[in-house]
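Single-letter residue listing:
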Amino acid sequence: MPELPEVEIVCRGLEAAFVGHRLTGVIRRFSQLRWPIPDDLESAIIGSPSPGEVAGILRSVQRRSKYLLLGFDTGTLLIHLGMSGTLRRLPADTTPRAHDHVDFVFGDQVLRFNDPRRFGAVLWCAGGAGAAVQDSHALLRRLGVEPFSDAFTGRLMYEATRRRKLAIKQVLLSGAIVVGVGNIYASESLFRAGIRPTTAAGRISRPRYERLVVAIRQTLTEAIAAGGSSLRDFVASTGESGYFQLRCFVYGREGEPCRVCATPVRAIRQQQRATFYCPSCQRA
DNA sequence: ATTCTGACCTGATTGC
DNA sequence: TGCAATCAGGTCAGAA
């Protein structure tokens, strides 16, 4: 399952493979994901073209947080991969396998959504293209800033967390201030910034937030460069396995020596999620 | 308003 | 070997 770097890689893959291509059909095999996949998605996307008009061209692919936004003339297809979702590009006659819930057919190619755990989502947002969706859709409206945007600054983190008692790790995961920092990269970023994950967000100084912002951007950038993935079953939209494990400083390394100071890495749980840190490098 | 808990699911791994 | 418990990269809805 994908964190932001994986979704970013998928986004780029989709753009390269499908933008400018014409969607010719939608095959929905199973609709019970986090929310039901809408009925008649196919006619919603293709619309009712006048004779001779070419309809269903994919115009754009964007990412907002971990949502993929596929722009058509008629509206925006919103895809979230949840914990276990994958998108693959396959020849249209490829026999579907378990958990292949929906196909987006583009002529002789198909974009196939597979999601065993079904935490993912496929939704349709009619009308307003591009930016309008981001302001109007309930799922996107209240998201924090993008980590690579100019709006993501130490000052923002500092001001948004005054009087907050929640642990910084949980603030990062919540996505209310900045999006796209998932469970692995939250631990990794906090390590790089030398901040203990349990520290109350409101007690962290502005200079330390400046460091954290740099650390988050570095961590995500490196993960994207590494091919984006840390997950076992991630498959890029081109079809080849995107499996690539970014070398983690702390995540998944309980008891192993810190790569900086050799102190054993510690594992704890915060709101039922695993957190890893170095008790020596991250003292507060 | 903020924080916490439960819920949604399958599949891989761990432990008895 | 078999079976149950635990855990997994997300995030929403509703309760405290």
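Scroll up for the structure.
Residues numbered from 1 in each chain as written. Chains lettered and ligands numbered in written order. Predicted model: local features only at pLDDT ≥ 70, side-chain atom pairs only at ≥ 80, totals over all residues. Heavy atoms only, no water.

Participant: Lay out the sheet that holds strand β3 (residues 67-72) with the relevant residues and their values.
Facilitator: On the basis of which strands lie adjacent, the open sheet formed by four strands has the order β2-β3-β4-β8 and antiparallel pairing. Since the sheet does not close on itself, it has two edges, and those belong to β2 (60-64) and β8 (121-126), each with one partner. Here the average twist between neighbouring strands, direction ignored, is 20 degrees. With six bridges connecting them, strand β4 (residues 75-80) and β8 associate as antiparallel partners. Bridge pairing in β8 links L77 to W124. (Pairing = 2+ DSSP bridges. Helix = DSSP H or I, 4+ residues; strand = E, 2+ residues; numbered from the N terminus. Axes fitted to C-alpha atoms, helices over the stretch in contact; angles between N-to-C directions.)

Participant: Got a sec to walk through helix α1 (residues 4-18)? Specific residues and values, please.
Facilitator: If you check α1, its first and last C-alpha atoms are 21 Å apart, about what 15 residues at 1.5 Å a residue would give, namely 21 Å. Extensive coverage of α1 is indicated by the burial of twelve of its 15 residues. Every buried residue of α1 is listed here: L4, P5, E6, V7, E8, I9, V10, C11, G13, L14, A17 and F18. Phi turns positive one or two residues past the end of α1, at G20, with a value near 90 degrees. (Expected span 1.5 Å × (residues − 1). Buried < 20%, exposed > 50% of the residue type's maximum accessible area, 1.4 Å probe, protein only.)

Participant: For the packing of helix α7 (residues 183-193) against helix α8 (residues 206-225), give the residues involved together with the corresponding values.
Facilitator: In contact at an axis separation of 8 Å, α7 and α8 are set at 130 degrees when each is read in the N-to-C sense. The angle between α7 and α8 places the two elements in the oblique class. Crossing geometry of α7 relative to α8 is assigned as right-handed. Between α7 and α8, the residues in contact are Y185, E188, S189, L190, R192 and A193 and R211, L212, A215, I216, Q218, T219, L220, E222 and A223, respectively. (Parallel < 35°, antiparallel > 145°, perpendicular 65-115°, else oblique. Left-handed = near helix turned anticlockwise from the far one by under 90°. Contact = heavy atoms within 4.5 Å.)

Participant: Tell me what's going on with the side chain of N183, and back it up with residues and numbers.
Facilitator: Within the secondary structure layout, N183 lies in helix α7. A distance of 3.1 Å separates the side chain of N183 from the backbone oxygen of A274, its partner in a polar contact. Those residues in contact with N183 that lie beyond four places of it in its chain are E3, K169, L173, Y251, R273 and A274. (Polar contact = N/O pair within 3.5 Å; in protein donor to acceptor, adjacent residues only side chain to side chain.)

Participant: Outline the packing of aromatic side chains, supporting the account with residue identities and numerical values.
Facilitator: Taken as a whole and assessed by the stated rule, the structure comprises four aromatic pairs. Each ring, one from F18 and one from F106, has its centre 4.8 Å from the other, and the planes form 45 degrees; the classification is tilted. Taken together, the residues F18 in helix α1 and F106 in strand β6 (residues 100-106) connect sequence positions 88 residues apart. One exposure class covers both F18 and F106, and it is buried. On the numbers, 6.4 Å between centres and 50 degrees between planes, the contact of F72 with W124 is tilted. Residue F72 is located in strand β3, and its partner W124 is located in strand β8; the two are separated by 52 residues in the primary sequence. (Phe/Tyr/Trp six-rings, centres within 6.5 Å; stacked < 30°, edge-to-face > 60°.)

Participant: Could you give an account of unusual backbone geometry, with specific residues and numbers?
Facilitator: Even without being a glycine, H99 presents a positive backbone phi close to 70 degrees. Tracing the sequence through the fold places H99 in the loop between β5 (86-91) and β6. The class of H99 is partly exposed, set by a relative accessible area of 38%. The phi dihedral of Q272 is positive, around 65 degrees, even though this residue is not glycine. Here Q272 is to be found in the loop between β9 (266-270) and β10 (273-277). Under the relative-accessibility criterion, Q272 is labelled exposed at 68%.

Any link to function would need more than the numbers given here.
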